[in-house]
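An overview of the molecular structure
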Amino acid sequence: GPDFGPAYVRFAEAVATLDPAPAVVDAAEVVGIEGAGREEDEHAEEERGGVNPHLWYSPEYVQDVAAAVTEQFTELSPDAADHFAEQAEAWESDLQAYLDELAALQTAAAGRSYAATESVFQYTAAAIGLTDATPEGYREAASNEAEPAPGDVAAFEAAPVSYTHLTLPTSDLV
């Protein structure tokens, strides 16, 4: 897929120069993953120690960040606290269909494993109970945008997986 890293960096640099400085909710900080959302340069993933920056694929992380955003808005505009609480409640209600789909997938995924060419899905896979069987060498190469070694490709192809293709119902969730 497209690499939006440089665009994010330019945006973050522009925001950093605003006066007064804007309020910021750092998703990685909220969920306790130091530096996962930062894209300083092309080696940022490597510097993060391979942390998957796609935090929004974790249902738990999304809910934690949404609560932090609501809290930040409430701090900034206490007179609108009721409005922010109502909006958060409405969002949580809308999110429930997604959470229900994930719960339904937990039954199908129980005891199953997968191997992935990208780390994007790992948070959702963990949420539904899939075990990641991606060989470490292959995972490292993919997270560093490098070509996996022939042995890593062979290990990937031989990985003990239960799912070769998994489709999630996303049309109503995006």
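Whatever comes next refers back to the structure up there.
No experiment lies behind these values; they were computed from the predicted model shown.

**Describing the side chain of Thr 134**
Turning to its location among the elements, Thr 134 is positioned in the loop between strand 2 (131-132) and helix 7 (136-143). A residue is classified by how much of its surface remains accessible, and Thr 134, at 7% relative accessible area, is buried. Aside from chain neighbours lying at most four places away, what touches Thr 134 is Tyr 114, Ala 115, Ala 116, Arg 139 and Phe 156.

**Describing empty space enclosed by the protein**
Unoccupied space between atoms shows up once a probe the size of one water molecule is rolled over them. Enumeration over the complete set of coordinates arrives at two cavities of 30 Å³ or more. Of the voids in this model, the largest cavity is the one considered here, and its volume is about 90 Å³. Every residue lining the largest cavity is listed: Tyr 114, Ala 116, Thr 117, Glu 118, Ser 119, Phe 121, Gln 122, Asp 132, Thr 134, Arg 139, Ala 142 and Ser 143. Among the elements that take part in the lining of the largest cavity, helix 7 stands out by supplying three residues, more than any other.

**What to know about unusual backbone geometry**
Between Asp 19 and the following residue, Pro 20, the backbone shows a cis peptide bond with an omega angle of 5°. Of note, Pro 20 is situated in the loop between helix 1 (5-16) and helix 2 (27-31). Of note, Glu 145 is a non-glycine position whose phi angle comes to about 55°, a positive value. Mapped onto the fold, Glu 145 is located in the loop between helix 7 and helix 8 (150-157).

**Some details on the pattern of salt bridges**
Side chains bearing opposite charge may pair, as long as their charged atoms lie close to each other. The final tally for this structure, using the stated rule, is two salt bridges. Here Arg 139 ties to Glu 136 by a salt bridge, and the two come within 2.6 Å at their closest N and O atoms. Note that Arg 139 and Glu 136 are positioned in helix 7 at a spacing of three residues, about one turn of the helix. One network of salt bridges, with partners in common, ties together Asp 132, Glu 136 and Arg 139.

**As for the nonpolar core**
Within the largest apolar cluster, 10 residues are counted, these being Leu 95, Tyr 98, Leu 102, Leu 105, Ala 109, Tyr 114, Ala 116, Ala 125, Ile 128 and Leu 130. Sorting the residues of this core by element identifies helix 5 (81-109) and helix 6 (122-128) as the ones contributing at least two each. Among the elements that line this core, the one with the most residues is helix 5, at five residues. Counting residues in each nonpolar core, the second largest holds seven residues, with Ala 28, Val 31, Leu 55 and Val 65 among its members.

The rules behind these values
- Residues numbered from 1 in each chain as written.
- Predicted model: local features only at pLDDT ≥ 70, side-chain atom pairs only at ≥ 80, totals over all residues.
- Heavy atoms only, no water.
- Helix = DSSP H or I, 4+ residues; strand = E, 2+ residues; numbered from the N terminus.
- Buried < 20%, exposed > 50% of the residue type's maximum accessible area, 1.4 Å probe, protein only.
- Contact = heavy atoms within 4.5 Å.
- 1 Å grid on protein atoms, 1.4 Å probe; cavity = no way out; pocket = protein on both sides within 12 Å on 5 of 7 lines; lining within 4 Å.
- Points joined across faces, edges and corners; volume = space filled by probe spheres on them.
- Salt bridge = Lys/Arg side-chain N within 4 Å of Asp/Glu carboxyl O.
- Core = buried A, V, L, I, M, F, W, Y, C linked by side-chain atoms within 4.5 Å.

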